[in-house]
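Architecture and fold: a report
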Amino acid sequence: MSSNTLRQKPSGSNASSFQFVQTIATITGGTLLSITMLTTSVVAGGLVGLAISFRNLPDVRVLRTYAPTETSHIYDVKGKWLASIHGEANREVVPLDKISPELKRAVLAIEDSHFYLHQGINPSSIGRAFKANWENGNVVEGGSTLTMQLVKNVFLSHKRAFSRKVAEAVMAIRLEQILTKDQILELYLNQVYWGHNNYGIQTAAESYFNKKASDLTLAESAMLAGIIQAPEEYSPFVHYKIAKQRQALVLARMRELNWITPQEEAAARKQPLKLGKVTSFQGSQLPYVTDAVKQELIQKFGRETVQKGGMRVQTTIDLGFQRMAEDFIANEHRRLQRRGLWKTELALAAVDPRTHFIKAMVGGSDYEKSQFNRATQATRQPGSAFKPFVYYTGFASGKFTPDSTVYDTPVRYRDGVRGYSPRNYDNTFSGPISIRQALAVSRNVPAVKMGRAVGLDKVIEVCRTLGIKSPMEPVISLPLGAIGLTPMEMASAYATFANNGWQSDTTLIVQVTDTQNNIILDNTPKPKLVLDPWAAASITNVMQTVINSGTGKMASIGRPAAGKTGTTSSEKDVWFVGFVPQLSVAVWIGRDDNRRLASGVTGGHYAAPIWRNFMNRALDGVPVEYFVPPSKFKRPRA
């Protein structure tokens, strides 16, 4: 709706009021003036004197570039809404031409029907308000124009006082001199409070009627316009009967102004209204995911910007895939409970090796019961799932191959008072053994010896290269996973093996745009070769043996896959971390109180089947791909 459709030629008393405003503007040179509580009989000298007392008012010129705080929204990779982030104000800014003409007419009819005629103040309203306030001894009626309401909402306190009303008038006239009427109306409709933490017409329309501001009907517009004076009291969610009375009042005013016909008024009163629901604090569809996204955003931009900056965040997550993963983990949790593993929790992290985009992240069996995200926040010992990092370091040194011999024989290291003697899970020794076999059957002693041979500092350096940030110390037991890592760190690190040493930053976010659709964060993958390709392909090849004939046989999925079981010596944590060329997944089982699960619980018998079942679902319809063999790459020199 053009502003011209609301303009009327002043006549009668309206004409004299219009001339009065023009006279005031001329007398004061267009600066620092006017008071709402004065009648038209106040002399020009008095106006100037009062205006001078308001030299320190806020500078309304900032509204030329003013951007109201706006709600940020999080979407899945296909654009489906997941969650919204905001502080007190839930707002989405829309241009004036995207707002229903009916809504604009309804608001002006009830709030300021002379909006396109005055220059910031409406003398006829001032006189009426002055009389009411004089008779009551305080401010009971405002006489505020829409422009005055805008400056009050943006700059001034809402405490009713004579001085504030004067300030409103002075600033309103200033504002009318620097912004067009349409600009002021657009700011107002995006700034005003509509109840239930909805600020601006777009979120109000979505909340009350589940539609965009551009699609509001006359009946809906009239009800929304009636809410403005007392949003919580007149809300149809709270008092529908009162809201209907307010709607009728607005429609009657529109008819009096000849902005609608009597027939249109009657039809709007009778139109059934389908209410939406309060949307300001609705929950997330994927809370584990969106909580993590918020934290990543806050780290990059700060909490204030995230809550008020109107960001549009595209995540790497597919809503359907993530829900499948969450349902799957919940079902597996119930199955473990039936097997007697009480108080057990699970976590799952899935990363695409080609992009390092996070594809699924399940922080526990039930977000409602626990918001702790074990996929990203629980640092638990990975046990033997750490060994591939040690053997990769050996391969990258050029001194070892998968067929190199290591010795599974007793050894003792000087460490503390008693020293340290690593043992295997079954308390036996196998003697000379190949690295392939040592990893396949998860022998501990050879891994410790390999760590000593290549240097524990070098192993830690490899882990840092793989993106692992958890604290590490070069203790002798490090090769057995005697440090805390998260499932996400494990899935991400293994993903680099799956991609032959190529790595991008692991992230939940594809890109972020601002309110003007400018890209302010672009996580388009920028792969870098961070590992030796031959060594990465070699460790992948050895980990295939883990699944084909080693401790991970229960993870077999009928296609090329590589992985490693993990079981801590105290049976507090069990893992299976594995991958195909298109997906790397870590599964962890443990208890939040860090107590023992049960005797005989291992990664191979508990975590591996869960990994297998998930991969079968995740890869349904995904073509089989084969790993690149080590022979395709040049072996590094020792």
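Residues numbered from 1 in each chain as written. Predicted model: local features only at pLDDT ≥ 70, side-chain atom pairs only at ≥ 80, totals over all residues. Heavy atoms only, no water.

Quick look at the overall build of the chain now. The secondary structure content of the chain amounts to 22 helices and 16 strands. In the chain, which comprises 638 residues, the proportion classed as buried is 56%. Long-range contacts, defined here as pairs at least 24 residues apart, represent 71% of the contacts in the chain between residues at least 6 apart. By element, 49% of the accessible surface of the chain is carried by carbon and sulfur atoms, the whole surface being about 27,700 Å². (Helix = DSSP H or I, 4+ residues; strand = E, 2+ residues; numbered from the N terminus. Buried < 20%, exposed > 50% of the residue type's maximum accessible area, 1.4 Å probe, protein only. Contact = heavy atoms within 4.5 Å. Areas by Shrake-Rupley, 256 points an atom, 1.4 Å probe, with all protein chains shown as cover.)

This brings us to the environment of L82. Position of L82 among the secondary structure elements: in strand β2 (residues 81–85). Among the residues examined, L82 registers a relative accessible area of 0% and is labelled buried. With 233 residues separating them along the chain, L82 and T315 place their C-alpha atoms 9.4 Å apart.

On to the packing of helix α20 (residues 487–498) against helix α21 (residues 533–549), then. At a closest axis distance of 8 Å, the pairing of α20 and α21 adopts a crossing angle of 110°. On the basis of the axis angle, α20 is roughly perpendicular to α21. Here α20 contributes Y494, F497 and A498 to the contact with α21, which in turn contributes A536, I539, T540 and M543. Its residues assigned to classes, the contact of α20 with α21 comprises six nonpolar, one polar and no charged. (Axes fitted to C-alpha atoms, helices over the stretch in contact; angles between N-to-C directions. Parallel < 35°, antiparallel > 145°, perpendicular 65-115°, else oblique. Nonpolar A, V, L, I, M, F, W, Y, C, P; charged D, E, K, R; others polar.)

Its location among the elements puts F209 in helix α8 (residues 201–209). Taking the C-alpha atoms as reference points, F209 and K277, 68 residues apart in sequence, are found 7.8 Å from one another. Aside from chain neighbours lying at most four places away, what touches F209 is A204, L216, E220, M223, L224, L273, K274, L275 and G276.

The subject of this paragraph is the packing of aromatic side chains. Tallying each qualifying case throughout the model produces 15 aromatic pairs. Geometrically, the ring pair formed by F395 and W534 is edge-to-face, given 6.2 Å between the ring centres and 75° between the ring planes. With F395 in helix α16 (residues 387–396) and W534 in helix α21, the pair connects residues that are 139 residues apart, well separated along the chain. In this structure F395 comes out as buried when scored by relative accessible area, which is 0%. By relative accessible area, which is 8% here, W534 ends up buried. Aromatic pair F579 and F627: ring centres 5.7 Å apart, planes at 85°, arrangement edge-to-face. Of the two residues, F579 is situated in strand β15 (residues 573–580) and F627 in the segment after α22 (603–618); the sequence distance between them amounts to 48 residues. The same class applies to F579 and to F627, which are both buried. Aromatic ring contacts, followed pair by pair, group F386, F389, Y392, Y494, F497, F579 and F627 into a single cluster. (Phe/Tyr/Trp six-rings, centres within 6.5 Å; stacked < 30°, edge-to-face > 60°.)

Turning next to unusual backbone geometry. In this structure, H196 is a non-glycine residue whose phi angle is positive, near 55°. For H196, the position within the fold is in the loop between α7 (181–191) and β4 (198–199). For H196, a relative accessible area of 16% corresponds to the buried category. Despite not being glycine, E571 shows a phi value in the positive range, around 60°. Residue classification places E571 among the buried residues on the basis of a relative accessible area of 7%.

Reading across the sheet, the five strands line up as β2-β1-β5-β11-β12 and stay open at both edges, with mixed pairing between neighbours. The open sheet has two edge strands with one neighbour each: β2 and β12 (519–522). Strand-to-strand, the axes of this sheet are offset by a mean angle of 15°, without reference to chain direction. Here four bridges tie strand β1 (residues 72–75) to β2, and the two strands are oriented antiparallel to one another. (Pairing = 2+ DSSP bridges.)

Below, the discussion takes up the confidence of the model for the chain. In the predicted model, the chain carries a mean pLDDT of 87, and the fraction of residues at 70 or more is 86%. Residue range residues 1–49 is modelled with pLDDT below 50. Its contacts to residues more than four positions away, or to other chains, number 76 contacts. (pLDDT = per-residue confidence, 0-100.)

What follows is about the pattern of salt bridges. Within the structure shown, the criterion is met by 21 salt bridges. One salt bridge in this structure joins R105 and E102, with 3.6 Å as the shortest N-O distance. Residue R105 and its partner E102 are both found in helix α3 (residues 101–111); the two are separated by three residues, about one turn of the helix. We note a salt bridge from E256 to R253, for which the minimum N-O separation is 3.6 Å. Note that E256 and R253 are positioned in helix α11 (residues 240–256) at a spacing of three residues, about one turn of the helix. (Salt bridge = Lys/Arg side-chain N within 4 Å of Asp/Glu carboxyl O.)

Attention shifts here to the nonpolar core. Nonpolar side chains in soluble globular proteins generally cluster together in the buried interior. Core analysis: the largest hydrophobic core is formed by 78 residues, its most contacted members being L297, F386, F389, M490, Y494 and F497. With eight residues, the single largest contributor to this core is α20. Grouped together as the second largest cluster of nonpolar side chains are 54 residues, A106, L185, A222 and L251 included. (Core = buried A, V, L, I, M, F, W, Y, C linked by side-chain atoms within 4.5 Å.)

With that settled, consider the pairing of strand β5 (residues 312–315). Here β1 pairs with β5 via three bridges, running parallel. Bridge pairing in β5 places I74 opposite V313. Sheet topology note: the β5/strand β11 (residues 509–513) ladder contains four bridges and is antiparallel. Within β11, the residue paired with V313 across the bridge is V512.

Along an α-helix, a turn takes 3.6 residues, which lines up residues three or four apart on a common side. For helix α15 (residues 319–338), built from 20 residues, the straight-helix expectation of 28 Å at 1.5 Å per residue is met to within 8% by its first-to-last C-alpha distance of 29 Å. Turning to α15, its buried residues number three or more, namely L319, F321, Q322, A325, E326, F328, I329, A330, E332, H333, L336 and Q337. Lining the buried residues of α15 we find β2, α13 (287–301), β6 (344–351), β7 (358–362), β16 (583–591) and α22. Looking at where α15 begins, the residue whose side-chain oxygen comes 3.0 Å from the main-chain nitrogen of G320 is D318. After α15 finishes, the residue G340 shows a positive phi value of roughly 95°. (Expected span 1.5 Å × (residues − 1). Polar contact = N/O pair within 3.5 Å; in protein donor to acceptor, adjacent residues only side chain to side chain.)

What follows deals with the side chain of S100. When you line up the elements, S100 lands in the loop between β3 (90–91) and α3. Filtering out sequence-adjacent residues up to four positions away, S100 remains in contact with A213, S214, L216 and S221.

With antiparallel pairing, five strands are arranged side by side in an open sheet as β7-β6-β16-β15-β14. Both outer strands of the open sheet, β7 and β14 (562–567), are each paired with one neighbouring strand and no more. Going across the sheet, the axis of each strand differs from the next one's by a mean of 10°, ignoring polarity. One ladder, built from four bridges, connects β6 with β7; its direction is antiparallel. Its bridge partner lying in β7, V351 is registered against I358. Its contacts with the sheet place α21 against β14 and β15, and it is angled at close to 65° to β14.

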